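Residues per chain, in single letters:
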Amino acid sequence: MKYTIEPLGDNSMIIELGQDMSHEIQQKVKKVSSFFEENKFEWVIETVPGFTTVAVFYDPLKIKTTTLPYDEVRAFLEPLLEKLEVDGDTEPRVVEIPVCYGGEFGPDLEEVANHNGLTVDEVIDIHSNGEYTVYMIGFAPGFPYIGGMSEKIAAPRRSNPRLKIPAGSVGIAGKQTGVYPIETPGGWQLIGKTPEKLFTPEGNTPSLLQAGDQIKFVPISEEEFQKIEEDAR
Amino acid sequence: MIKITKPGLLTSVQDLGRYGFQKYGVITSGVMDTTAHRIANYLVGNAENEATLELTLLGPDMEFREDTLISICGGNLSPSIDGKPVKLWRSVLVTAGSKLKFGGCKTGCRAYLAVAGGFDVPEVMNSKSTYLRAGIGGHNGKALQNEDELSIGEPSELSRKIAKVLAAQLGENKFVEMQWTISSDFIGSSASKPQVRVIKGRQYDWFTTESQMKLFTDHFEVTSQSDRMGYRLKGPELALEEKQEMLSEAVSFGTIQVPSEGNPIVLLADRQTTGGYPKIGQIATVDLSIMAQLKPGDKVQFVEVSHEVAQQLYLDREKKLHQLKQGIALKIRQETK
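What counts, and where the lines are drawn
- Residues numbered from 1 in each chain as written.
- Chains lettered and ligands numbered in written order.
- Predicted model: local features only at pLDDT ≥ 70, side-chain atom pairs only at ≥ 80, totals over all residues.
- Helix = DSSP H or I, 4+ residues; strand = E, 2+ residues; numbered from the N terminus.
- Rg over C-alpha atoms; globule rule 2.2 N^0.38 Å.
- Contact = placed C-beta atoms within 7 Å.
- Buried ≥ 20, exposed ≤ 12 C-beta atoms within 10 Å, placed from the backbone.
- Nonpolar A, V, L, I, M, F, W, Y, C, P; charged D, E, K, R; others polar.
- Pairing = 2+ DSSP bridges.
- Axes fitted to C-alpha atoms, helices over the stretch in contact; angles between N-to-C directions.
- Core = buried A, V, L, I, M, F, W, Y, C linked by C-beta atoms within 7 Å.
- Domains from an automatic or database assignment.
- Parallel < 35°, antiparallel > 145°, perpendicular 65-115°, else oblique.
- Left-handed = near helix turned anticlockwise from the far one by under 90°.

Q: Just checking my understanding: could you explain the overall build of chain B for this structure?
A: Along the backbone of chain B there are five helices and 21 strands. Taking 20 Å as the expected radius of gyration for a compact globule of 337 residues, we find that chain B reaches 21 Å, a close match to that expectation. Across its three principal directions, the C-alpha atoms of chain B cover 70 × 35 × 35 Å. Intrachain contacts of chain B at a sequence separation of at least 6 include 77% that bridge at least 24 residues.

Pasting the structure below:
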């Protein structure tokens, strides 16, 4: 596998696997992340995937060396990373996210439709039929950076950001779509809301989604929304 | 038990941070000044990762409901017990019913209050740190409020010995301070324009030669738009050679990133897990405590240091901290023989 390694700080480094956001590089990021998960090196504190990178945070005191910790770790990793190859596409996990579009849950749905010269139903149809990949989780706990939205429903951010966007809101900003896991301020155009919890701090895995997942948005009615929400209680 | 009678500006329960969950977008949180926090724990016989209270600029008022071994380290926020000033960087035994108050901020920005046995709050994702925005961890996921009651955990063997040494000297007083303190090497300087060592960031080469130079020759001021998440600095404008788009990648404690308007932001304890702005520099871990003690209006001078030197400084400092911890235990053992 081709890569470069560079320090991030004096106890972290970044393995870069390419320059562009693409399926191929995403597969490499996934491969390198699982390499660290499988090996559980005791000097690794954690790894954090980016769009084209994997950052490794380590404990310099757990690295036995006569030189410096970074040199040691780098020399150790290089031959291992070189041998690493993406062995065909591994089947991604598909996660279905139910979304109730429009109404009070998606106050900007009409604006997105108008902006693109579409009807509200057409926007829902395009959004819920897309094939989406989670590139990484960041910005907020459980927040997925999603690639794959059709440009037909792209819409600029709101000029006047909302101070409070409720958790579960599904939005569009430029050519991106996303779901807000916790209540935050933000400028995304809101088209709907999911009753599903994306951030569960009490669980073993605090995030519903992980880098590499595939997402399917499934339209649901307001009644179905309420039923799912009640069942979760 | 400790009862809060005035919350202060921003008082929260923090430990060394929540690690292992950044891949899920969960920020690390944790103390801003790790050195002061660790020493505060050493002085009361705790493990260094035990939670302390982080106090900001205007400290809280509180009442001790039981005899408690405490220490206060970091910035000097003028602590006093029942009207009498309390020394920083020492083990202090406080009797039940005593009231601890903080006055004005004399040096630094944040103080750490450790209690023997630590704060008995549940761990969330392996950490007691308060994650303010998500409302989890710490005491009910929030900064401390008036009337909050904090339970104290079980003190260690060493904690009991330190308390015993102090109890013998207490007499009729409400509190008693240990006669010895730690070496001044560990106590941050109160220079008016401290120097902070910085290694070049991953996108350092993207910046104009002038910007690269100014990062290390000019000084920067901490603006009022600064908090636990990051410090926005004001100084010479830092510009890219040409506009370049960056894909988001991981950032770290002390990353100096530069948004397009040219004013750098230093990312701190509550930073997001990833960032999409070019990174011009990265503060050496050993100097993060200096940065964390700056308050709005303070100035800082960045000094270039190589990645190799930054690593060596870290190893040397960790060795010294380890020796300090051993030294405290040894001294207590001698005094309780």
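Let's pick the thread back up.
Q: In this structure, what is going on with the overall build of chain A? I would like to understand it.
A: Counting its secondary structure elements, chain A contains five helices and 13 strands. Principal axes of the C-alpha set define a box for chain A whose edges measure 65 × 35 × 35 Å. Here chain A holds 233 residues, and 42% of them are scored as buried. Taking the intrachain contacts of chain A between residues at least 6 apart in sequence as the baseline, contacts between residues at least 24 apart amount to 59%.

Q: Can you help me understand the interface of chain A and chain B in this one?
A: Note on interface size: it is often stated as the accessible area lost on association of the parts. In this complex, chain A contributes 36 residues to the contact, which on the side of chain B involves 34 residues. Those elements that provide at least two residues to the side of chain A that touches chain B are β1 (4-9), β2 (12-16), β3 (44-49), β4 (53-58), α2 (69-83) and β6 (132-137) of chain A. With five residues, the single largest contributor to the side of chain A that touches chain B is β3 of chain A. For the side of chain A that touches chain B, the per-class residue count stands at 23 nonpolar, 10 polar and three charged.

Q: Even after reading the chapter, I still don't get unusual backbone geometry, so can you show me in this structure?
A: Residues and elements named next belong to chain B. We note that Asp82 has phi near 45°; this positive angle belongs to a residue other than glycine. By the secondary structure assignment, Asp82 is in the loop between β6 (79-81) and β7 (84-85). Using a count of 15 C-beta atoms within 10 Å as the deciding quantity, one classes Asp82 as partly exposed. The phi angle at Met125 is positive, at roughly 50°, despite the residue not being glycine. By secondary structure assignment, the location of Met125 is in the loop between β10 (107-115) and β11 (149-150).

Q: Just checking my understanding: could you explain the sheet that holds strand β12 (residues 175-177) of chain B for this structure?
A: Two modes of strand pairing occur in sheets, parallel and antiparallel, and in both the strands are linked by backbone hydrogen bonds. Residue and element names in this part refer to chain B. As summarised here, the arrangement of the six strands in space is β2-β3-β10-β5-β8-β12, forming an open sheet in which the pairing is antiparallel. Looking at strand neighbours, the two that pair on one side only are β2 (12-14) and β12, the edges of this open sheet. For this sheet, the mean angle separating the axes of adjacent strands, direction not counted, is 30°. One ladder, built from six bridges, connects strand β5 (residues 68-76) with β10; its direction is antiparallel. Bridging from a neighbouring strand, Cys73 pairs with Tyr112 of β10. Each of β3 (52-56), β5 and β10 is contacted by helix α1 (residues 34-43), which is oriented at about 155° to β5, the strand it contacts most. Here helix α2 (residues 157-170) sits on the sheet and contacts β5, β8 (92-94) and β12; the angle it forms with β8, its principal contact strand, is near 75°.

Q: So what exactly am I meant to see when it comes to the sheet that holds β11 of chain B here?
A: Residues and elements named next belong to chain B. The sheet built from six strands is open, its strands ordered β7-β6-β9-β4-β1-β11 with antiparallel pairing. The open sheet has two edge strands with one neighbour each: β7 and β11. Bridge count for strand β4 (residues 61-64) against strand β9 (residues 99-102) is two bridges, and the pairing is antiparallel. Bridging from a neighbouring strand, Glu63 pairs with Lys99 of β9.

Q: What should I look at first to understand the pairing of strand β13 (residues 195-200) of chain B in this one?
A: Regular strands place side chains that alternate from one sheet face to the opposite one. All names here are of chain B. Of all six residues in β13, five are buried, a share of seventy percent or more. Bridge count between β13 and strand β21 (residues 299-304): four bridges; the pairing is parallel. Its bridge partner being in β21, Gln195 is matched across the sheet by Gln301. Relative to strand β20 (residues 279-283), β13 runs antiparallel, the two sharing three bridges. Bridging across to β20, Val198 finds its partner in Ile283.

Q: So what exactly am I meant to see when it comes to the environment of Ile146 of chain A here?
A: Topologically, Ile146 of chain A is positioned in strand β7 (residues 144-147). Apart from residues lying up to four places away in sequence, Ile146 of chain A is in contact with Tyr132, Thr133, Val134, Gln176, Thr177, Gly178 and Ile215 of chain A.

Q: How do you make sense of the nonpolar core when you look at a structure like this?
A: Residues and elements named next belong to chain B. Counting residues in each nonpolar core, the largest one holds 153 residues, and the members touching the most others are Ile70, Ile72, Cys73, Tyr112 and Val266. Sort the elements by how many residues they give to this core and β10 lands first, with six residues. Setting aside residues no more than four positions away along its own chain, Tyr112 makes contact with Val31, Asp33, Ala36, His37, Ala40, Thr52, Leu53, Glu54, Ile72, Cys73 and Gly74.

Q: Please explain the domain arrangement of chain B as it appears in this structure.
A: Residues and elements named next belong to chain B. For chain B, the assigned domains read domain 1 (2-185) and domain 2 (195-305). Between the C-alpha centres of domain 1 and domain 2 the distance comes to 30 Å. With 19 residues of domain 1 in contact, the opposing surface of domain 2 contributes 13 residues.

Q: Can you walk me through the environment of Lys84 of chain B in this structure?
A: Residue and element names in this part refer to chain B. Within the element layout of this structure, Lys84 appears in strand β7. With 11 C-beta atoms packed within 10 Å, Lys84 lands in the exposed category. The sequence separation of Lys84 and Phe175 amounts to 91 residues, and the corresponding C-alpha distance is 9.4 Å.

Q: I tried to follow the packing of α2 of chain B against helix α5 (residues 307-335) of chain B on my own but got confused; where do I start?
A: When two helices pack together, you describe them by how their axes are tilted relative to each other and by the distance separating the axes. Residues and elements named next belong to chain B. Where α2 meets α5, the closest approach of the two axes is 10 Å, and the angle between their N-to-C directions is 55°. Relative to α5, the element α2 is oriented oblique. Crossing of α2 over α5 shows left-handed handedness. Between α2 and α5, the contacting residues are Leu158, Lys161, Ile162 and Val165 on the first element and Ala329, Ile332 and Glu335 on the second.

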